[in-house]
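# Topology and contacts: notes
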Amino acid sequence: MISESNEFSEVEQTFFVEVVLPVPIPQYFTYRLSREMSQLAKVGSRVVVEFGKSRVLTAVIVKIHNTPPPKYQAKYVQELLDIEPVVTASQLWLFEWVAEYYMCHVGEVMNIALPAGLKISSQSRIQYNPDFAHPELLSEQETQLMEVLLKEESLSYDEVGRFLDQKDINKTIKELVAKHAIILFEEVKDKYRPKIVKKIRLKRVFEGTEEILALIEKLEKTTKQQEVLLEYLGHVPINELHYKNKEGLAKSTLKAGDISESSLKTLLDKGIFEEFEIVVSRFDGEDLGSQAQMQLSEPQQKASDQIMDSFTQNEVVLFHGITGSGKTEIYIDLIQKVLDSGSQVLFLLPEIALTTQIVNRLRVVFGDAMGVYHSKFSDNERVEVWKGVLDGKFQFVVGVRSAIFLPFTNLGLIIVDEEHESSYKQFDPAPRYHARDVAIMLALKVRSKVLLGSATPSIESFYQAKNKKYGLVSLNVRYGDAQLPDIRLVDMKKERKDKTLVKEFSSELLAEMAQNLANKQQTIIFLNRRGYAPYLNCQECNWIGHCDQCAVSLTYHLAEKTLVCHYCGHKESVPKTCPDCGSTKVKAMGVGTEKIEEDLYEIFPEAKILRMDLDTTRSKNAYQNIIGEFEKGEVDVLVGTQMVSKGLDFDHVSLVGIYNADKMIHFPDFRAAERAFQLITQVSGRAGRRDQKGRVLIQTGSPQNRILQFVLQNDYVGFYESEVIDREGYNYPPFSRIIEITVKDVDQTLAHQAAARLAQALENQLGKTRVMGPEKALVERIRNKYLFEVWLKLEKDKMNIQATKAFLQKEIVNLITEKKFKSVQVVVNVDAV
Ligand code: ADP
Ligand code: ZN
Ligand code: ZN
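Residues numbered from 1 in each chain as written. Chains lettered and ligands numbered in written order. Predicted model: local features only at pLDDT ≥ 70, side-chain atom pairs only at ≥ 80, totals over all residues. Heavy atoms only, no water.

## With respect to the overall build of the protein
On a plain count of helices and strands, the protein comes out with 28 helices and 33 strands. For the protein, whose C-alpha radius of gyration is 31 Å, the value lies close to the compact-globule estimate of 28 Å for 833 residues. Dimensions of the protein, computed from C-alpha atoms along their principal axes, come out at roughly 90 × 75 × 70 Å. The buried share of the protein, taken over its 833 residues, is 53%. (Helix = DSSP H or I, 4+ residues; strand = E, 2+ residues; numbered from the N terminus. Rg over C-alpha atoms; globule rule 2.2 N^0.38 Å. Buried < 20%, exposed > 50% of the residue type's maximum accessible area, 1.4 Å probe, protein only.)

Spelled out as structure tokens, the structure:
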């Protein structure tokens, strides 16, 4: 009887948790808590659970309850990782919102949001089988995978999936195992490891002045031991400050002082010194000493006041401040105010701008109280920022787009600098979110304010401001009466006719560059294309080097002596003769940054030239180094891609040359005009500061072009007004919302059929005008898959977006569950940019 009633009460006390797992499955999962865990578990804490047959994953608790799942036996939670939650309630809300809005799964959002260091998981990995003897059994794709495996030590399932661009890789893996080509193994990934420093200190009994003197005397005969002690005292002045001994000294510091290690060991053995360990932050010791804010100029102070004032009526304020107006100082003023009021601040920057001057400047003002969240940081560093936000160490964080997912509890202000930057939108993998838009949603939820800043606001944001949905504050003068640059267009058609071009440089630009070199002033040359040449071309038979897997030409990279596909990363060596006709007349055609650098060396042999693009900035500090050298003034010319337009402020750049504006303005995309205007204006903004008026030369074949005319006049508002009319005419954003649906398959016909069927279903429901396509994607084949696009253009005011998305989701499921379309992949991108 008694045991029965006991069992009964135990059943009553059973608790379950709903958890979100970092997997792309659209649901929460139920697990059972042990009795001890039931006491301690909280929503937002992490647990370790078994998922599937052999995977172990970290999950986050979203709900605790006592209803057993109706259809199956819930497994026990294996481990409870946190006593205090590491994910807040508003974050859980945000994850769900992002998943719903961007049409993906909560697990995918959590996967992006949580730094890997907070997730432990066992992962299935594959590795090349050293006994593999039958390469002839492999398909072409399998051979490629094996080649990658030879180079990498091993690959995770996810990496294999990404490489093959396949939904279900199990079949491929099974076949490779059957052919004895690969070996499977499980790896438990490490979680966050705190940074530990080994230290030593004197035993407490020796802390007093007299005791120390006695000790020194005692060691008189063992000179080497005495040296160790004196070295220690040299670093830790415990004569004056006894408590300093408690903090001790890093062993590594002591050892750096040329002491005898065996003597140190003896002292430790004798019990004169003791060893201990402490956990330190990876960010300590960066304090540059906080420095007073700069005095705001009158126009800056006015702008700052207007922003504060606007916040009393608006949740979101757009700050349109021209290049060089000193937006950073205004941000600092606002951040300080919000921090003083006791709230947290998040400052978002585009990826690349984050490694530069602006962060250094903020560090000077805010010191260690500021956390930096960057994708080039290690996971451990990211975990420290995450925890620092939770425990109040960081009230202020500067970060890239994923910083929007940090566990703030009391946000007062989110600043989105360079809000027009398309790199705020994540393209791959899901969630395909836009950090600016997520910031606004989050702010509305937690009652924070949002400041969007830019010299060239996105058409969407300016439209909202014009229509009074956002506040608008403009600052139209540069700091310190610095003047805007003098912009000129160079008519390339005329120069070509007059035969005044040297390579593809106009005589005008070369003359200005020569003058700059003579005056020891710096020049920036901008071209939006990296590599040496965009393609190789046979002069005899017109062969062009293409990627086998993608419908694009291969870019020629001179330094690496390779042809590279910028879409799939495929590399091959440069053929000496034409693969089709054997001719030796194979020429590099077109121009990339690498070629410009080479051309300029020829034209100006004396000049010191640096290049800044993706290829020269891959390593962790490369970017910083290039900027550092340029800042020091040791470099005459900086050649670069759009990287040179972001967040940089140089004192001695008086000339900016835009090598070719035409590709930008004629690009087939409804945002091309906006992008071109923004890019050219931003790059031009690097020219001239303070007392020096800069010059900008833009090489173009279409000097009459509308966009360039607005650039000439520095007329953002004029550009906006002309652009917004076009957008309205074609019902593009901001008048509509665009959902881009990409349908992929290795079989071109099948991909087209699937896309057409989906488009038809959507048309039937939404009407012809709201559905565009299917059309071949701009690059119609990537990694051997054919791409077709269908676009939904949904009016903002008339459409029930939620219902439309639900309908779309249903149609996609209908499509891919049909046997014929089993292999087809569908990718949805809400608010594609
Ligand atoms: P923006 O980001 O608006 O293009 P920056 O913030 O880079 O402009 O400022 C341009 C230059 O003016 C920088 O060198 C900056 O240090 C300087 N500056 C801006 N405001 C002040 C100020 N109030 N006092 C001193 N220097 C300033
Ligand atoms: Zn040929
Ligand atoms: Zn390719």
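Next, the rest of the story.
## What about the coordination of the zinc ion (ligand 2)?
Six octahedral donors at a metal ideally form angles of 90 or 180 degrees, and four tetrahedral donors ideally form angles of 109.5 degrees. Looking at the zinc ion (ligand 2), the protein donor atoms are Cys-538 (SG), Cys-541 (SG), Cys-578 (SG) and Cys-581 (SG), and they sit 2.2 to 2.4 Å from it. Seen from the zinc ion (ligand 2), its 4 donor atoms lie at angles of 105 to 113°, and the figure they make is tetrahedral. Along the chain, the residues that donate to the zinc ion (ligand 2) are spaced as C-x2-C-x36-C-x2-C. Here Cys-538, found in strand β21 (residues 535-538), pairs with Cys-581, found in the loop between β24 (571-573) and β25 (586-589); they are 43 residues apart in sequence, far enough to count as distant. (Donors = N, O, S within 2.8 Å, 3.2 Å for Na, K, Ca; no water. Tetrahedral: all angles 85-135°; square planar, octahedral: opposite > 155°, others 65-115°.)

## As for the site of ligand 1
Gln-295, Gln-300, Gly-324, Lys-327 and Asp-649 are the nearest of the 17 residues found near ligand 1. Here Gly-324 contributes a backbone N or O atom positioned 2.6 Å from an oxygen atom of ligand 1. A distance of 3.4 Å is found between an oxygen atom of ligand 1 and a backbone nitrogen or oxygen belonging to Ser-325. In the complex, 83% of the free accessible area of ligand 1, which totals 560 Å², lies under the protein chains. (Near = heavy atom within 4 Å. Polar contact = N/O pair within 3.5 Å; in protein donor to acceptor, adjacent residues only side chain to side chain. Areas by Shrake-Rupley, 256 points an atom, 1.4 Å probe, with all protein chains shown as cover.)

## Describing the nonpolar core
Formed by 121 residues in total, the largest nonpolar core has its most connected members in Ile-404, Ile-414, Ile-658, Ile-698 and Leu-762. With sequence-adjacent residues up to four places away left out, Leu-762 is seen in contact with Ile-741, Gly-767, Val-771, Val-790, Leu-792, Phe-807 and Leu-808. (Core = buried A, V, L, I, M, F, W, Y, C linked by side-chain atoms within 4.5 Å. Contact = heavy atoms within 4.5 Å.)

## Examining the sheet that holds strand β22 (residues 555-557)
Across a sheet, paired strands are connected by hydrogen bonds in the backbone, their directions being either parallel or antiparallel. With respect to topology, 3 strands assemble into an open sheet ordered β22-β23-β24, the strand pairing being antiparallel. Lying at the two open borders of the sheet, with one neighbouring strand each, are β22 and β24. Taking each pair of neighbouring strands and ignoring which way they run, the sheet shows an average axis angle of 30°. Here strand β23 (residues 562-564) runs beside β24; their pairing, made up of 3 bridges, is antiparallel. What sits directly across from Val-564, in β24, is Lys-571. (Pairing = 2+ DSSP bridges. Axes fitted to C-alpha atoms, helices over the stretch in contact; angles between N-to-C directions.)

## Thoughts on the pairing of strand β16 (residues 411-417)
The buried fraction of β16 is high, at 7 of 7 residues. Bridge count between strand β13 (residues 344-348) and β16: 5 bridges; the pairing is parallel. Each residue of the ladder has a partner; that of Leu-346, found in β16, is Ile-414. Where β16 and strand β17 (residues 449-454) come together, 5 bridges link them in parallel fashion. Along β17, the bridge assignment pairs Val-416 with Leu-452. Remark: the β16/helix α17 (residues 435-446)/β17 crossover connection has right-handed handedness. (Right-handed = clockwise from strand over helix to strand, strands pointing away.)

## Digging into the coordination of the zinc ion (ligand 3)
Within the protein, Cys-547 (SG), Cys-550 (SG), Cys-565 (SG) and Cys-568 (SG) serve as the donor atoms for the zinc ion (ligand 3), at 2.2 to 2.4 Å. Coordination at the zinc ion (ligand 3) is tetrahedral, judged from the 4 donor atoms that bind it and the angles of 106 to 112° they form at the metal. The sequence motif formed by the donor residues of the zinc ion (ligand 3) is C-x2-C-x14-C-x2-C. For Cys-547, a relative accessible area of 3% translates into the label buried.

## Focus: empty space enclosed by the protein
Applying the stated criterion to the full structure yields 1 cavity of 30 Å³ or more. In this structure, the largest cavity spans a volume of roughly 30 Å³. Around the largest cavity, the lining residues are Leu-349, Pro-350, Glu-351, Val-400, Arg-401, Ser-423 and Tyr-424. Residues belonging to the lining of the largest cavity are distributed by class as follows: 4 nonpolar, 1 polar and 2 charged. (1 Å grid on protein atoms, 1.4 Å probe; cavity = no way out; pocket = protein on both sides within 12 Å on 5 of 7 lines; lining within 4 Å. Points joined across faces, edges and corners; volume = space filled by probe spheres on them. Nonpolar A, V, L, I, M, F, W, Y, C, P; charged D, E, K, R; others polar.)

## Digging into a nonpolar patch on the surface
Where nonpolar side chains cluster on the molecular surface, the patch consists of Phe-15, Val-43 and Ile-64 and spans about 200 Å² of accessible area. Relative accessible area serves as the criterion here: at 30%, Ile-64 is assigned to the partly exposed category. (Patch = residues over 30% accessible without salt bridge, like charges linked within 9 Å, V, L, I, M, F, W, Y side chains within 5 Å. Salt bridge = Lys/Arg side-chain N within 4 Å of Asp/Glu carboxyl O.)

## Here's the deal with the environment of Gln-295
Looking at where Gln-295 falls in the secondary structure, it is placed in the loop between β11 (273-280) and α13 (298-311). A relative accessible area of 70% means that Gln-295 is categorised as exposed. Expressed as a C-alpha distance, the spacing of Gln-295 and Asn-621, which sit 326 residues apart in the sequence, is 32 Å.

## Quick notes on the side chain of Lys-327
Secondary-structure assignment places Lys-327 in helix α14 (residues 327-340). In this structure Lys-327 is buried but unpaired, with Glu-418 as the nearest side chain of opposite charge at 5.9 Å. Those residues in contact with Lys-327 that sit more than four places away from it in its chain are Phe-319, Gly-321, Ile-322, Ser-454 and Ala-455. (Lys, Arg positive; Asp, Glu negative; His and termini not counted.)

## Some points on the sheet that holds strand β31 (residues 771-782)
In spatial order, the strands read β31-β32-β30-β33; together these 4 strands make up an open sheet with antiparallel pairing. The open sheet is flanked by β31 and β33 (825-830), the only strands paired with a single partner. Adjacent strand axes in the sheet meet at a mean angle of 25°, parallel and antiparallel pairs treated alike. Pairing analysis gives 6 bridges linking strand β30 (residues 736-745) to β33, with the strands arranged antiparallel. Each bridged residue has a counterpart across the sheet, and for Ile-741 the counterpart in β33 is Val-828. The sheet strands contacting helix α28 (residues 801-817) are β30, β32 (785-795) and β33, and the helix crosses β33 at an angle near 170°.

## Observations concerning the pattern of salt bridges
All told, the structure shown has 38 salt bridges when counted by the stated rule. The closest approach of N and O atoms between Glu-602 and Lys-503, which form a salt bridge, is 3.1 Å. Here Lys-503 lies in the loop between α19 (492-497) and α20 (507-518) and Glu-602 lies in helix α21 (residues 593-603), a separation of 99 residues in the sequence. Close ionic contact of Glu-723 with Arg-727 constitutes a salt bridge, the shortest N to O distance being 3.3 Å. Within this pair, Glu-723 and its partner Arg-727 are both found in helix α26 (residues 716-729), separated by 4 residues, close to a single helical turn. In this pair, the class of Glu-723 matches that of Arg-727, namely buried. Through salt bridges with shared partners, one network takes in Glu-674, Arg-706, Glu-723, Asp-726 and Arg-727.

## A closer look at the environment of Ala-455
As for its position among the elements, Ala-455 is in the loop between β17 and α18 (459-466). For Ala-455, a relative accessible area of 8% corresponds to the buried category. Along the chain, Ala-455 and Leu-346 lie 109 residues apart, while their C-alpha atoms are 20 Å from each other. Residue contacts for Ala-455: discarding those within four places in its chain leaves His-320, Gly-321, Ile-322, Thr-323, Lys-327 and Gln-682.

Read these as spatial facts, not as claims about activity.
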